[in-house]
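Read off the chains here:
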Amino acid sequence: MKRLFTIAALCAICSAGPAAADVVLLADDFNTETLALNYTGFANWNVPDGTVDVIGPGFFDLQPGHGRYVDLDGSTSNAGRLESKTVFTLDPGDYRLDFLLAGSQRGDTNTVGVSLGSAYTESFTLPSAAPFALVTRNITVAAGTTGRLVFDHVGGDNLGLLLDDVTLTQVTGTPEPGSLAFVAFGAVGLVLARRRGRV
Ligand SMILES: [Ca+2]
Ligand SMILES: [Ca+2]
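Reading the values: rules and limits
- Residues numbered from 1 in each chain as written.
- Chains lettered and ligands numbered in written order.
- Predicted model: local features only at pLDDT ≥ 70, side-chain atom pairs only at ≥ 80, totals over all residues.
- Core = buried A, V, L, I, M, F, W, Y, C linked by C-beta atoms within 7 Å.
- Buried ≥ 20, exposed ≤ 12 C-beta atoms within 10 Å, placed from the backbone.
- Helix = DSSP H or I, 4+ residues; strand = E, 2+ residues; numbered from the N terminus.
- Contact = placed C-beta atoms within 7 Å.
- Pairing = 2+ DSSP bridges.
- Axes fitted to C-alpha atoms, helices over the stretch in contact; angles between N-to-C directions.

Membership of the largest hydrophobic core comes to 30 residues, with the highest contact counts inside it found for Val70, Leu72, Leu161 and Leu163. Secondary-structure elements contributing two or more residues to this core are strand 3 (53-55), strand 4 (69-71), strand 6 (88-90), strand 7 (93-102), strand 8 (110-116), strand 12 (149-153) and strand 13 (162-171). If sequence neighbours within four positions are ignored, Val70 has contacts with Phe30, Val52, Val54, Leu82, Leu162 and Leu163.

A few words now on the sheet that holds strand 9 (residues 120-126). Ordered by their spatial adjacency, five strands build an open sheet running 2-5-12-8-9, and the pairing between neighbours is antiparallel. At either end of the open sheet lies a strand with only one pairing partner, and these are strand 2 (45-49) and strand 9. Shown here is a sheet whose adjacent strand axes are inclined to one another by a mean of 20°, direction ignored. Relative to strand 9, strand 8 runs antiparallel, the two being bridged by seven bridges. The partner of Thr111 across the bridge, within strand 9, is Thr125.

In this fold, Leu101 is placed in strand 7. Exposure remark for Leu101: the 23 C-beta atoms within 10 Å place this residue in the buried category. Along the primary structure Leu101 and Pro131 are separated by 30 residues, whereas in three dimensions their C-alpha atoms are 7.7 Å apart.

Purely geometric numbers; function is a separate question.
Encoded structure:
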């Protein structure tokens, strides 16, 4: 009978509503944007300075296999500033920024400044041949602030770093329901094993 109660308790844990999980504040693979030079029609981004290009299959596809993506130095000899339309409210806590960045693939070394309000700023310099590689940064916000996510490319020779798959996540630190169930399973298994040992 006791075992039935234990199993019932376990099932209650398994079927409990989902715990608060990480919150995706922005996720963009650029695949629904239009292939175009000096593009400004982004769903999630403004280009308040310089220009950027959206390239991909059939249109200057410098890194095949990633759908559409952004050349951060467009075609007006004035490198672009790609700025999230959203001004994020950053409460104290942990955040994670992920994006793919590649070299220009056209023979030059390039630099982009990446920032999230006053919470984070970093400069990336990549050689021409660097393929798309994932950049992940864990950002801890100590005092609440607000800000846009910005990719601000340096220079202006129409050959820029390539950007794709940008994701900004608020990390809640709350365990996923699956991991809770896993812990519960372990505990119940231990209890049952001990009981069997006594019998
Ligand atoms: Ca893409
Ligand atoms: Ca360049």
